[in-house]
Each structure stands twice: as structure tokens, then as C-alpha cells.
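Listed below are the residues making up each chain.
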Amino acid sequence: MSSSDQDDAPDGGSGGEDSPLFRRRGPSSADVAEVPVSQSLIKAASNVCFSLFVLAVLVVTVVAVTYQPPDPWLQSSAAITTSLSRVLPNSTFLVPDDSLLPTGEDFNSSSSPAIPAPAREDPDDSASAVSSAPALNATACDPDAPLNCSDPRVLAAVKAFNAKAFLRKSIIFLSYETPVPGPKPGVCDVAWRFRNRREKSWRRYRDYRRFSLASGDGCTLEITSVGKFRSGTNAARRQPQRKGSKSPRVKAPPVDTEINDTIPVVGSEAEFKKGKYLYYMRGGDHCKSMNQFIWSFLCGLGEAKFLNRTFVMDLNLCLSGAHTVDGKDVDGKDFRYYFDFEHLKESASVVEEGDFLKDWKRWDKKKGPGRITVRKVPSYKVTPMQLKRDKSNIIWRQFNGQEPENYWYRVCEGRAAKVIQRPWYAIWKSKRLMNIVTQIAGRMDWDYDGLHVVRGWKAQHKKMYPNLDADTSPDALAEKVPKLIKPWRDLYIATNEPFYNYFDKLRSHFHVHLLDDYKELWSNSSEWYNETTALSGGKPVPFDEYMRVIVDTEVFFRAKTQVETFNNLTRDCKDGVNTCNL
């Protein structure tokens, strides 16, 4: 084949090294035109793919070097179950635990039932109030007339102000109430419901503030000053006064009318006998740590769900010495002091033990067709799977053995662990305690940073925590914390350190807040005091150490910047020496 013939050969032809695809020539425009478009695209695509591959390798390398396993306590309910199962190989809680075990509102559980979505904002709520203001401005008005708090312009001005003031904060406004007159002309008290983005539950809270207003241009109203969290006391809902009682000298504190933790009752004998119940007798978990109680209680609740039965629960709790000042157990506590019984009733089928035993005794007939059938289960070794087809009215688990054989959570070990799902979504912290959390965070205007300082017995246990005491000393904190938090921020310190003045050296850098700064929120004139006293039949309820842990931790979790002891302040591991990678 001649040279000219080779030049005329089609692209991709068998021209050997003399073909146009292999011949080395100068980079003329004609040569470029001879290269097929498909080949150019393939070459460009391969270059892009190779670049992406190199980038992916770099990303994986960086992640592999810097990755730290997530903390299971901040993950899903399944992660918490797996974590606790891993650290309990000998079926006992050996280490004294004064920490707070997360509950259902701390995570989103894929196994939880659908919960109602939060109430949607009114069409004219929040930011939309700004757009509705012009329509109100066109209304005829008298700028010199006294301010009427029920005037729609008042609520519109408040909504517009809140939409701007809380734009960068974690507050979602749900609904507003009609403004009411304040203590003097030109002042209105306004209440609204809201929820916090940092709380994964759909709980609603109330705030009421005092607004001073003045006439602006074109009959508009302008906010001239605003009170702090819950300053608008005229808009607060107070406990109704009984008929015939004398007017008190001091106003009763506001009440949360949305809490309904009344005990459910069985309506009739027929209803009782139609039901199927799972009854756990008190076991060795009584007076153990609150974490062990929750772990065991959720085991029983999970078995009841698996068996499609109503769980018989004892509202009486024994607070372990791990959560008391003097280290002594305190019996006779009410479940509702610490947990949300209303949410539990909505999430699971439960009845109270006292009423259940009375109904059982009253309606049980020893013989005949009306007899209530009972199956007694003496050992945890009888698995839930073996009880699945049982038709008895009552399955009565008895825990009469020695510890740890008489722990409730033994029922959910072994093969049962694969079929019993603990319903973490059913346990929420008490709404009464969460109201205190809301008030503390609200008083700092939802704009603060948090410091969690763990001391207590861990700082004294040098073998398990050799550096903790020195790393959390006043001098060490004064050196480290200013590098992690901006100066003169509101700083909430959650801690088990008993000495109030321990953190005084930080006061030269920040506006320091401690839980004891808010003692009036559980004093004998507080909303919490009145409600818990009513639960206890008129007996005052002390604000104990576990309640302090709940409130302290939850306020810390709502901080914008969070500085942790075992992540930021000390080299020690959270669970002691050589446990960082477990």
C-alpha cells in the first residue's frame, strides 16, 4: 500500500504503525481534526475518573486517621442497647454510676411508633407576621387612643419581633395566645407555645413576656422594650382557687395544665377479665442505680409488648444511695417525679400495681367459669418465647432468687435478647423537670455555652482516673476553657462538684451560671413544688441528686458550644483506664 493509500485508509483501519492513529506528526490543526470525537471524550472521562479516584483515596485516608467511634449514649436506642449489653457480661452493674442514662427524647428510634407531629404554626405566626403587618396598618386607628392589648396590631408586632429576635436561636413558635393588659398603660403580657429544636421530642413549652409598645408611623405599633423569660406574669395560667377559700396574699405559681399523669383504671370486671397482663414481682433491682432500674424496667415493658400484654408496673421507686447526698437508699419515691408517665401511657399498655391487685382480689372467683387464670413463672430461665402462646389472664413472673438471679433484666438475656426490643421511645424525662430546664435556658435567652465538669468519686479514684483531678482543678480550667469558649459568654457549668465557689476563677472570663443559681425554681413557692406535693399527697418532695443530674445535663445539652470533660479537658477515659477504645 502506498503512502497516499495509507493516508486514505479509514480511521481505525489496519494500517499498522503507519496508520493515522499511530503516525508521529506535528500538532497541526488537520491532525487534531483527524482524532475521533469519541476517543477524545473517552480520554477526558478517564482523566476525570482517575482524579476522582485519587481524591477518594485521600478522603478515606484522612477519615481513617481522624475517625473516632461515635458515643453510643448519643446514638439510637439500638446503639444504647448494644452498648449496655456489651458492658454487662456478668449480669451486674459493678461500677457506681451517677451519670444520666439517655431516654426516648434524646434520640430518634427507628423502632418507635409514629409520634404525632408538633402542632403547625398558625398561618400568621412567626415570620409570616411581618408580611401581615401592612394589612393591619391600613386599618383606621387613633394614635392618641389608649393601647388596647387585644388589638390585632399588638400580636402582629410581637410576632414580628420574635421572628427577628429568635431567628438564630433554637426556638420554634407553635401558637400564640391573645395578649392581656400589663401592670400599666402601654404594656401588654403575651404568652405563646414553643418547642426547642435541640430536643427531639414533640413536647411543647410556654413562655410569657412583658412588652412595652408605642405608636409608630402610619398607625403601626413598635416594641420599645421586652421583659425576660416568663416576665409577663399576667398571661400565666395559675391554679384556680377553690370556691369558698380566702384570697391568698401571695399569688400561686403558674401550673402546667398540659401534664396529665393520672393513673389509668380498669373500668369493669368484664374488661379486667378480658385483658391479658404481665406482672413482675419486685426483684433485686429495687434500690439499685437508676440506670439499672431503667434497663430492667424496659426489659419487662419489652416482654409485655412481645407477648401483647398489659404491663403491671409499680409507681413506687427506691432511689439508690448513688443518687443521694448521704449515700443511703431512699424508698417511697414516685416514678412520676423522674419520668413522663403521660407519655408512657400513650406509648405502651400499662396499669398501676396497687389498683391491679385490688381489682384482681375483688373480681377473682376461685372456681367456675369466672375464674381468673394465672401462670406463675418462678425463674427468668423461662423465656418469653415459651410464654408466647400462653392463654392465662395473668403471667406472674416471680423473682425470689438471690442476686443477680433475681434481676428483671435477666429475662432479656441469651436467646431472648434477639426477640425482645426494649421500647426506649416510651421513656421520657419528667415534664416537670424539663420545665425547670426550659426556665433556666430561657433566662439565659437560649444563647449560652456549656461546660461539663465531672469530678466526685471519679476525681478521687486515682487508679481508674489518674489525671482527672488535676485536669479539672480550678487552675487547669482557667487555663483550658478560655481557649475553647469565647470570652464573656454566658457559661453554664454542669457538674457534680459540691463546692459552689470552685469555679470562681472562670468568673474573670465568663458570666458563669450554676444550677444552684436557680434554687427558686424548686423552692416551696415554685410550680414544681406545688405539683410534686400534690402527687405525694401533700408531703413536700425534696429536690434530690438525681433530679439535679437530669436538669443539669439537659441544660448543658441545649448550649451552643459544649465542652466535655472526657473529650476536651482530660486525657483519662470516660469509663476508666484502658477503656477509651472499647
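Residues numbered from 1 in each chain as written. Predicted model: local features only at pLDDT ≥ 70, side-chain atom pairs only at ≥ 80, totals over all residues. Heavy atoms only, no water.

An unreviewed UniProt entry annotates the protein as O-fucosyltransferase family protein of Eragrostis curvula.

Draft legend 1. Representation of the pattern of salt bridges. Inspection of every chain in the model, using the stated rule, returns 36 salt bridges. We note a salt bridge from R210 to D189, for which the minimum N-O separation is 2.7 Å. Separated by 21 residues along the polypeptide, R210 in strand 4 (residues 205-215) and D189 in strand 3 (residues 187-196) bring together distant segments of the chain. By relative accessible area, R210 is classed as partly exposed at 22%. (Salt bridge = Lys/Arg side-chain N within 4 Å of Asp/Glu carboxyl O. Helix = DSSP H or I, 4+ residues; strand = E, 2+ residues; numbered from the N terminus. Buried < 20%, exposed > 50% of the residue type's maximum accessible area, 1.4 Å probe, protein only.)

Draft legend 2. Focus on the sheet that holds strand 10 (residues 350-352). The parallel open sheet is built from five strands, whose spatial order is 10-7-6-12-11. At either margin of the open sheet sits one strand with a lone partner, and together these are strand 10 and strand 11 (374-377). Averaged over all neighbouring strand pairs, the angle between strand axes comes to 25°, with direction disregarded. In the packing of helix 8 (residues 290-307) onto the sheet, contacts are made with strand 6 (277-280), strand 7 (310-313), strand 10 and strand 12 (394-397), and the angle to strand 6 comes to roughly 160°. The sheet strands contacting helix 11 (residues 353-363) are strand 6, strand 7, strand 10, strand 11 and strand 12, and the helix crosses strand 10 at an angle near 80°. (Pairing = 2+ DSSP bridges. Axes fitted to C-alpha atoms, helices over the stretch in contact; angles between N-to-C directions. Contact = heavy atoms within 4.5 Å.)

Draft legend 3. Representation of the nonpolar core in the model. Core analysis: the biggest nonpolar cluster contains 89 residues, and F297, F311, F335, L344 and I440 have the highest contact counts within it. Not counting residues up to four positions away in its chain, the partners in contact with F297 are F311, M313, F335, L344, W408 and I427. In terms of nonpolar packing, the next biggest core, distinct from the first, is built from 15 residues, I485, L491, V512 and L514 among them. (Core = buried A, V, L, I, M, F, W, Y, C linked by side-chain atoms within 4.5 Å.)

Draft legend 4. Layout of the side chain of T570. Along the chain, T570 turns up in the segment after helix 19 (565-569). Polar side-chain contacts of T570 include one of 3.2 Å to the backbone nitrogen of D572. (Polar contact = N/O pair within 3.5 Å; in protein donor to acceptor, adjacent residues only side chain to side chain.)

Draft legend 5. A look at the state of the cysteines. Following the criterion strictly, the structure yields four disulfides and no others. Shown here is the disulfide that connects C149 with C188, its sulfur atoms set 2.0 Å apart. Disulfide C149-C188: the torsion about the S-S bond is -90°, which places it as left-handed. In this pair, C149 sits in the loop between helix 5 (128-137) and helix 6 (152-165) while C188 sits in strand 3, placing the two residues 39 residues apart along the sequence. In this model C287 forms its disulfide with C318; the gap between the sulfur atoms is 1.9 Å. Given an S-S torsion of about 95°, the disulfide between C287 and C318 has right-handed geometry. With C287 in the loop between strand 6 and helix 8 and C318 in strand 8 (residues 316-319), the pair connects residues that are 31 residues apart, well separated along the chain. Under the relative-accessibility criterion, C318 is labelled buried at 8%. (Disulfide = S-S within 2.5 Å.)

Draft legend 6. Main features of the sheet that holds strand 16 (residues 562-563). The sheet built from four strands is open, its strands ordered 15-14-13-16 with parallel pairing. In this open sheet, the two edge strands, each paired with only one partner strand, are strand 15 (511-513) and strand 16.

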